[in-house]
Amino acid sequence: MKSKMLLITGLCALFIYTSCESKKEKKEKDVAFLITNPIKLDTTITKDYVCQIHAIRHIEVRALEKGYLKEIFVDEGQFVKKGQKMFYIMPNIYQAELQKAKAEEQAANIEYQNTKLLSDSNVVSKNELSMAQANLEKARAEVALAQTHLGFTDIRAPFDGIMDHLEAREGSLLDEGELLTTLSDNSKMWVYFNVPESEYLDYIISKNKEDSKNVSLLMANNQPFLHDGIVETIEGEFNNETGNIAFRATFPNSEGILRHGETGSILMKVPYKEAIIIPQKATFEILDKKYVFVIGNDNVVKQREITIKGELPNLFIIEKGLSVTDKVLLEGIRMVKNGERIQTKFEKPESVLQHLDMYAE
């Protein structure tokens, strides 16, 4: 009797389990997975490039003559005006050379005047007069040279700018060409950034190239700079090691925020014509490679690798791997397996995009 009861209990349990599994299997088969097509659109993405910021004029201020640094009239970080006195090298030797040159000029002039009187009286030949005149011109040239050397002891700012660190102090013995400081004209800034060859080609052949010349600058504190810049020039050669070419954008800097040597990121709008776009949530990653599930006409799931060309908020621009006729799994990626047959529900890509944040034209 006991065995009979156990048998009945087991059969009931098996029936209940089989019934539940059948209902569960039927429920899973009734699930319809949402699928959609990639869409082709004209769009624009914003790419960022690491950049170096340079003053429009940045020079080294050096001593043009050897001597002792007698006076310094400026300080580190000071803004100086064009023509403002910056350094003064002890001029004693050069003053003496100038006085000597002037005395020799005066002697040559007296000799010339005497020779001219004799020549006018036909006492000496014209050649002697020419020789005296040549000596006078030589003496005048020596005076001009001595004045130039003396002028080199008075070092003035060649343009408006900001001084950097002082490399010498008062009383230092300077050699000819020794560095004193650097001077930067920060009224405008040249910002250099490197662009890969493929993106350079997209830019250079784009019909909207003029619109792409306007760029913005993200500073090192992750804040946008006040003014937009303009791409004004592209270097003539690619770097064979990196495959990049340098672009240069010019930014106004009237507030003086930017300084020579800063870094940041250039934000540049890159147009894409007829770009193939899919939602990012339709993709998954395996070992740094991107994949999607493509649904065939027989509703069988096939895993396919794709290559991403660009990125928008919640969207990917596809370089290769998909066409607009493919159907991709939009939701339930973790619930299916490669080669599995599923039920699907199609939603138009325009409707899908309405529920996503995006920027597209």
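Residues numbered from 1 in each chain as written. Predicted model: local features only at pLDDT ≥ 70, side-chain atom pairs only at ≥ 80, totals over all residues. Heavy atoms only, no water.

K.L.:
Is there a simple way to think about helix α2 (residues 92-120) in this case?
P.N.:
A turn of α-helix holds 3.6 residues, and therefore any two residues three or four places apart point the same way. Over its 29 residues, α2 runs 42 Å from end to end, which matches the ideal 42 Å to within 8%, given 1.5 Å per residue. For α2, the complete set of buried residues consists of Tyr94, Leu98, Ala101, Ala108, Tyr112, Thr115 and Ser119. Those residues of α2 that are buried are in contact with α3 (126-151). One or two steps after α2, the chain reaches Asn122, where phi turns positive at roughly 60°. (Helix = DSSP H or I, 4+ residues; strand = E, 2+ residues; numbered from the N terminus. Expected span 1.5 Å × (residues − 1). Buried < 20%, exposed > 50% of the residue type's maximum accessible area, 1.4 Å probe, protein only. Contact = heavy atoms within 4.5 Å.)

K.L.:
Can you help me understand the pattern of salt bridges in this one?
P.N.:
Charged atoms that come close allow side chains of opposite charge to pair. This model, assessed by the stated rule, comprises 13 salt bridges. Between Lys47 and Glu199 there is a salt bridge, with the nearest N and O atoms lying 2.7 Å from each other. Residue Lys47 is located in strand β2 (residues 39-62), and its partner Glu199 is located in helix α4 (residues 197-204); the two are separated by 152 residues in the primary sequence. On the basis of relative accessible area, Lys47 is assigned to the buried category, the value being 14%. Residue Glu199 is classed as buried on the basis of its relative accessible area, which comes to 18%. Close ionic contact of Glu232 with Arg248 constitutes a salt bridge, the shortest N to O distance being 3.8 Å. (Salt bridge = Lys/Arg side-chain N within 4 Å of Asp/Glu carboxyl O.)

K.L.:
Would you mind going over the nonpolar core with me for this structure?
P.N.:
Side chains that are nonpolar tend, in soluble globular proteins, to be buried together. Phe193, Leu217, Phe247, Phe251, Ile266 and Met268 are the most contacted members of the largest nonpolar core, which totals 37 residues. Among the secondary structure elements, those contributing two or more residues to this core are β2, β9 (179-196), α4, β10 (214-219), β12 (244-252), β13 (263-279), β17 (315-320) and α6 (349-353). In this structure, Val61, Leu69, Ile72 and Ala157 belong to the second largest nonpolar core, which totals 18 residues. (Core = buried A, V, L, I, M, F, W, Y, C linked by side-chain atoms within 4.5 Å.)

K.L.:
Help me out: how do you make sense of the confidence of the model for the protein in this one?
P.N.:
Detailed reading of the predicted coordinates is not advisable wherever pLDDT falls low. When the pLDDT values of the protein are averaged, the result is 85; 89% of them are 70 or greater. With pLDDT under 50 throughout, residues 22-28 is counted as low confidence; its partners more than four residues away or in other chains account for zero contacts. (pLDDT = per-residue confidence, 0-100.)

K.L.:
How should the environment of Leu34 be read in this particular structure?
P.N.:
Within the secondary structure, Leu34 is located in strand β1 (residues 32-36). In this structure, the C-alpha to C-alpha distance between Leu34 and Gly332, residues 298 residues apart in sequence, is 7.8 Å. Residues within four places of Leu34 in sequence aside, it is in contact with Val328, Leu329, Leu330, Glu331, Lys345 and Glu347.

K.L.:
In this structure, what is going on with a nonpolar patch on the surface? I would like to understand it.
P.N.:
Taken together, the side chains of Tyr68, Met90 and Leu173 make up a nonpolar region of the molecular surface, amounting to roughly 280 Å² of accessible area. Checked against the element boundaries, Tyr68 lands in strand β3 (residues 67-72). (Patch = residues over 30% accessible without salt bridge, like charges linked within 9 Å, V, L, I, M, F, W, Y side chains within 5 Å. Areas by Shrake-Rupley, 256 points an atom, 1.4 Å probe, with all protein chains shown as cover.)

K.L.:
I keep staring at the pairing of β17 and nothing clicks. Help me out?
P.N.:
Consecutive side chains of a regular strand alternate in pointing toward one face of the sheet and then the other. The pairing of β13 with β17 spans four bridges and is classified as antiparallel. Bridging from a neighbouring strand, Ile276 pairs with Ile318 of β17. The hairpin turn running from strand β16 (residues 301-312) into β17, its antiparallel successor, is two residues long, and Asn314 in that turn takes a positive phi close to 70°. (Pairing = 2+ DSSP bridges.)

K.L.:
What's the story with the packing of α2 against α3 in this structure? I'm lost.
P.N.:
At their nearest, the axes of α2 and α3 sit 8 Å apart, and the two run at 165° to each other. Comparing the axis directions of α2 and α3 gives the class roughly antiparallel. Crossing handedness for the pair α2 and α3: left-handed. (Axes fitted to C-alpha atoms, helices over the stretch in contact; angles between N-to-C directions. Parallel < 35°, antiparallel > 145°, perpendicular 65-115°, else oblique. Left-handed = near helix turned anticlockwise from the far one by under 90°.)

K.L.:
What is the right way to look at the sheet that holds β3 in this model?
P.N.:
Note: strands within a sheet are paired through backbone hydrogen bonds, in either parallel or antiparallel orientation. Spatial strand order, β6-β5-β3-β8: four strands in an open sheet with antiparallel pairing. Strand pairing shows two members of the sheet lacking a second neighbour, β6 (154-156) and β8 (173-174), which therefore form its edges. Relative to β6, strand β5 (residues 85-89) runs antiparallel, the two being bridged by three bridges. Note that in β6 the partner of Lys85 across the bridge is Arg156.

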